[in-house]
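Geometric and topological summary
Each chain is listed here by its residues.
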Amino acid sequence: QLACPLDLGCHSVAKSIHHARVLIRQGHIRVGKQIVDVPSFLVRVESEKHIDFAPNSPFGGGKPGRVARRKAKSGSKATAGEDEE
């Protein structure tokens, strides 16, 4: 058995162990169908291939995050303002 942050680094989901811990703590990671939010979660060897992003996470195809939504909103206003001139 291995600790989850180390597994995420090996699977190139996270850029570093710190990044892996942050992703886990924020609920972006799932193992199988279970969302993992505890960095000390132990992953069994047979479950390593099931490590993925959560479906409701912006990384896993969910709705965009707060900053992405705000940029999209301000980008649409900027393009609308240019069309009027």
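Residues numbered from 1 in each chain as written. Predicted model: local features only at pLDDT ≥ 70, side-chain atom pairs only at ≥ 80, totals over all residues. Heavy atoms only, no water.

This part is about helix H2 (residues 17-25). Residues of H2 that are buried include every one of Ala20, Leu23 and Ile24, and no others. Down the axis of H2, the buried side of the element spans an arc of 100°, and every buried residue falls inside it. Looking at H2, the residues exposed on the side facing more than 90 degrees away from the buried face are His18 and Arg25. Two residues or fewer after H2 comes glycine 27, characterised by a positive phi angle close to 80°. (Buried < 20%, exposed > 50% of the residue type's maximum accessible area, 1.4 Å probe, protein only. Helix = DSSP H or I, 4+ residues; strand = E, 2+ residues; numbered from the N terminus. Arc of directions from axis to C-beta.)

If you trace the three strands from one edge of the open sheet to the other, you get S3-S2-S5, paired in antiparallel fashion. This sheet does not close on itself; its edge strands, each paired only once, are strand S3 (34-36) and strand S5 (51-53). The mean inter-strand angle of the sheet, taken between neighbouring strand axes irrespective of direction, is 40°. Here strand S2 (residues 29-31) pairs with S3 via three bridges, running antiparallel. In the sheet register, arginine 30 faces S3, and the bridge partner there is isoleucine 35. (Pairing = 2+ DSSP bridges. Axes fitted to C-alpha atoms, helices over the stretch in contact; angles between N-to-C directions.)

This is a description of form; function is not addressed.
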